[in-house]
Amino acid sequence: MKRRDFISRSASGLALAGIASGISGARMRALASSPVLNQLQKLVAGTDRVLVVVQLAGGNDGLNTVIPVDDSVYYNSRKNISIAKNQALSLRDGLSLHPAMTGFHDLFQDGRLSIVQNVSYPNPDRSHFRGTDIWLSATDADVFKNTGWMGRYLETLAPGFPTTMPAEPLAIQIGESLSLGFRSDAGSLGITFRDPVSFYNLVDQGENTDYDASPSTSGGAELDFVRSVEKASEVYSKVVKAAADKVKTNKVSYPTSNPLAQSLQIVSRLIAAGLGTRIYLVNINGTSFDTHYNQGGASGAHATLLSYLSEGIKLFLDDCEQLGTANRVAGITFSEFGRRVAENGSLGTDHGTAAPMFVFGKSIIPSQILGHNPDLVNLDERGDLLVQYDFRQIYSAVLKQWFGSDTSTESQVLFRDFSDLPLFDIGSDVRSEDNSLLQNSMQINPNPAFDQALLHFNLPIAAECSIDLYDLRGQRLFNIAQASFNAGDHFNTIPLRGINPGTYFVRIRAAHMDQMKALQVVR
């Protein structure tokens with residue numbers, strides 16, 4: 001049906017909408033204050049900003065990553081594996097990147113990469129397993145928790161989980177096993193898969209299984225956790241597959257030889273498709289930064305790992321830029337510890353303490369290097385680097401500056417307040433102006449509607465756009481449109497035949513914009 005014909009035929013419906021607005025005003029006011037709607041709006045309101053967490057499993061050698069090229073102690077301590085100053089990629093006086101990190105060097109130069117030096121925590125643990133748990137749970141070294149900082153944050157967005165499931169997964173891990181970082185007291189707030197299609201084929205088994213109540217024991221709690229993972233996987237398999245099908249191709253070419261790049265190309269597509277996932281966790285599959293033996297210098301095992309990291313993130317950010325999602329995507333890297341100052345007898349490095357973290361994205365404070373160059377003389381009692389910044393100061397910046405959480409949420413997630421480092425450009429809200437323009441332009445006519453309605457909206461910028469219909473529970477019913485839209489006015493028909501009478505929500509997600517409008521269906 002042509003737009004002009006549809007509007008003409010809908011004239012009586014528009015009149016009905018005007019009359020109905022007076023009749024149903026009280027019902028709509030009651031709906032506006034309902035806990036279900038409030039929870040839906042809370043889930044929808046914050047889904048524009050995405051965090052990508054890159055785990056460097058094994059303990060990355062920070063001194064050969066961000067290199068103190070003017071420090072003689074560095075060269076005296078590493079006769080075989082040090083990086084010559086004339087080979088390294090200069091960042092500022094006395095500090096350079098490993099020569100394999102050309103992608104990171106480019107990102108730093110154009111303001112999409114910053115560095116935080118000397119990051120760890122008090123009394124660092126040098127065990128891979130315990131160190132990783134500390135970083136994922138965000139606890140002190142002597143505190144043991146079976147929940148993760150990301151899971152605790154996401155739980156604040158979905159307080160009814162798992163009884164009330166968000167319409168889309170709040171967290172996704174590209175890998176084979178689900179991280180402790182996504183676990184909350186209510187279960188896991190994340191799902192994991194290597195490939196959306198394989199994930200869909202694996203878990204799409206029809207109806208969910210009903211279970212007897214778990215026993216009130218520690219084993220019962222673990223059983224509940226496993227069941228929550230299974231339930232989430234079943235619920236979200238179709239959602240993830242549908243998102244992957246919406247954006248089938250990336251805008252840049254990701255090399256098949258780079259395992260991190262292969263994971264990030266999936267993440268980029270899901271973000272561009274409008275999937276409402278808040279946090280993605282990726283690592284370099286099949287590799288380890290535990291370089292005790294034959295670490296190498298300008299070339300070798302460590303150089304290969306750093307090239308994966310640098311190239312993968314550079315391609316990912318370039319892809320996001322071309323897909324129109326760059327303003328709402330940011331990321332951090334972490335590793336369970338750094339390495340010792342001196343090389344060992346096996347031409348490698350042993351477990352250490354502090355190391356640099358990287359922060360990346362278009363909306364970070366550009367090209368910062370926070371902290372002093374590593375002090376290779378004043379070391380701890382075991383001869384390792386002293387800590388300058390607690391890693392939870394970076395997490396605090398993510399929560400407050402990137403996700404806009406308040407201090408009470410930070411205390412709930414990190415167990416106490418931390419002084420957040422200035423990492424994200426909070427002075428320019430990437431949502432406000434464009435979001436307001438989109439919100440003010442959204443119109444649905446007729447409303448209430450019978451068998452179809454016409455959505456009008458104006459995009460202030462060209463962007464990949466997803467338009468979906470949701471019910472009051474926050475469940476996405478179907479996709480109305482998914483395409484690259486030019487800036488300007490757009491009209492889309494919303495088919496409503498077969499939809500039960502009631503109140504629904506039309507949601508538009510485009511680049512950093514995210515808006516929702518109520519639609520009543522009558523019969």
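Use the structure listed above.
Residues numbered from 1 in each chain as written. Predicted model: local features only at pLDDT ≥ 70, side-chain atom pairs only at ≥ 80, totals over all residues. Heavy atoms only, no water.

Draft legend 1. Here's a closer look at the overall build of the chain. In terms of helices and strands, the chain carries 15 helices and 21 strands. Relative to its 523 residues, the chain shows a buried fraction of 58%. Across the chain, every contact between residues at least 6 apart in sequence was considered, and the portion connecting residues at least 24 apart equals 73%. Within the structure as shown, the chain displays about 21200 Å² of accessible surface, and the carbon and sulfur contribution to it stands at 50%. (Helix = DSSP H or I, 4+ residues; strand = E, 2+ residues; numbered from the N terminus. Buried < 20%, exposed > 50% of the residue type's maximum accessible area, 1.4 Å probe, protein only. Contact = heavy atoms within 4.5 Å. Areas by Shrake-Rupley, 256 points an atom, 1.4 Å probe, with all protein chains shown as cover.)

Draft legend 2. Inspection of the packing of helix α7 (residues 128-137) against helix α8 (residues 149-157) at higher detail. As a packed pair, α7 and α8 sit with axes 6 Å apart at the nearest point and diverge in direction by 20 degrees. As far as their axial angle goes, α8 and α7 are roughly parallel. The residues of α8 that touch α7, namely those facing W135, L136 and S137, are W149, M150 and R152. Taken together, the residues that form the contact of α7 with α8 break down as four nonpolar, one polar and one charged. (Axes fitted to C-alpha atoms, helices over the stretch in contact; angles between N-to-C directions. Parallel < 35°, antiparallel > 145°, perpendicular 65-115°, else oblique. Nonpolar A, V, L, I, M, F, W, Y, C, P; charged D, E, K, R; others polar.)

Draft legend 3. Highlighting helix α11 (residues 259-272). In this model α11 runs 21 Å from its N-terminal to its C-terminal C-alpha over 14 residues, within 8% of the 20 Å that 1.5 Å per residue would give. With respect to burial, α11 is a largely interior element, 13 of its 14 residues being buried. In the stretch just after α11, G274 is the one whose phi turns positive, near 90 degrees. (Expected span 1.5 Å × (residues − 1).)

Draft legend 4. α7, seen in detail. Burial runs high along α7: seven of the 10 residues are buried. For α7, the full list of buried residues reads R130, G131, T132, I134, W135, L136 and S137. Looking at the buried side of α7, the elements it contacts are β1 (50-55), β5 (113-120), α8, β11 (329-334), β12 (355-361) and α13 (391-402). The opening residue of α7 is S127, an N-cap whose side-chain oxygen sits 3.3 Å from the backbone nitrogen of F129. One or two positions beyond α7, positive phi appears at A138, with a value near 60 degrees. (Polar contact = N/O pair within 3.5 Å; in protein donor to acceptor, adjacent residues only side chain to side chain.)

Draft legend 5. How the structure looks around the sheet that holds strand β4 (residues 95-97). Taken in spatial order, the three strands of this open sheet run β2-β4-β3, and their pairing is antiparallel. Lying at the two open borders of the sheet, with one neighbouring strand each, are β2 (66-67) and β3 (89-92). In this structure, β2 lies alongside β4, joined through two bridges in antiparallel fashion. Of the residues in β4, the one forming a bridge with V66 is L97. Strands in contact with helix α6 (residues 102-109) are β3 and β4; relative to β3, the strand with the most contacts, it is inclined by about 30 degrees. (Pairing = 2+ DSSP bridges.)

Draft legend 6. Inspection of the nonpolar core at higher detail. In terms of nonpolar packing, the biggest core is built from 102 residues, with V52, W149, L270, I313 and F316 touching the most fellow members. By residue number, the principal contributor to this core is helix α12 (residues 301-323), which donates 10 residues. When neighbours within four sequence positions are excluded, W149 is seen to be in contact with L51, W135, L136, S137, A138, G181, Y395, V398, L399, V413 and L414. (Core = buried A, V, L, I, M, F, W, Y, C linked by side-chain atoms within 4.5 Å.)

Draft legend 7. Structural context of unusual backbone geometry. Omega for the peptide link from F161 to P162 comes to 0 degrees, which places this bond in the cis form. One can find P162 in the loop between α8 and β6 (171-174). In this chain, N447 is followed by P448 through a cis amide linkage whose omega measures 15 degrees. Position of P448 among the secondary structure elements: in the loop between β15 (443-445) and β16 (452-459). Here the phi dihedral of S367 falls at roughly 55 degrees; this positive angle occurs in a residue that is not glycine. Following the sequence through the fold, S367 ends up in the loop between β12 and β13 (369-370). Take S367: its relative accessible area is 28%, and that puts it in the partly exposed class. The phi torsion at F415 lies on the positive side, around 75 degrees, for a residue other than glycine.

Draft legend 8. Examining the sheet that holds strand β19 (residues 488-495) more closely. Strand order in the open sheet formed by three strands is β15-β16-β19, and the pairing between neighbours is antiparallel. Because the sheet does not close on itself, it has two edges, and the strands there are β15 and β19. If you compare each strand with its neighbour and ignore which way they point, the axes differ by 20 degrees on average. Direction of pairing for β16 relative to β19: antiparallel, over a ladder of eight bridges. Residue pairing for β19: Q452 is matched across the bridge by P495.

Draft legend 9. Highlighting the packing of aromatic side chains. Taken as a whole and judged by the stated rule, the model has 10 aromatic pairs. Between Y121 and F391 the ring centres are 5.7 Å apart and the planes differ by 75 degrees, which places this aromatic pair in the edge-to-face class. On the criterion of sequence distance, the pair formed by Y121 in the loop between β5 and α7 and F391 in helix α13 is long-range, its members being 270 residues apart. Three or more aromatic residues joined by ring pairs form one cluster here, namely Y121, W135, W149, F334, F391 and Y395. When the ring centre of W402 is taken as reference, the NZ or CZ atom of R49 above it lies at 4.4 Å. The ring of F450 has R523 lying over it, and the distance from NZ or CZ to the ring centre is 5.1 Å. (Phe/Tyr/Trp six-rings, centres within 6.5 Å; stacked < 30°, edge-to-face > 60°. Lys NZ or Arg CZ within 6 Å of the ring centre and 35° of its normal.)

Draft legend 10. Up close: the packing of α11 against α12. In contact at an axis separation of 9 Å, α11 and α12 are set at 20 degrees when each is read in the N-to-C sense. One way to sum up the angle between α11 and α12 is to call them roughly parallel. The way α11 lies across α12 gives a crossing that is right-handed. From α11, P259, L260, A261, L264, V267, S268, I271 and A272 reach across to α12, where they touch Y308, L309, G312, I313, F316, D319, C320 and L323. Here the residues of the contact of α11 with α12 are counted per class, giving 13 nonpolar, two polar and one charged. (Left-handed = near helix turned anticlockwise from the far one by under 90°.)

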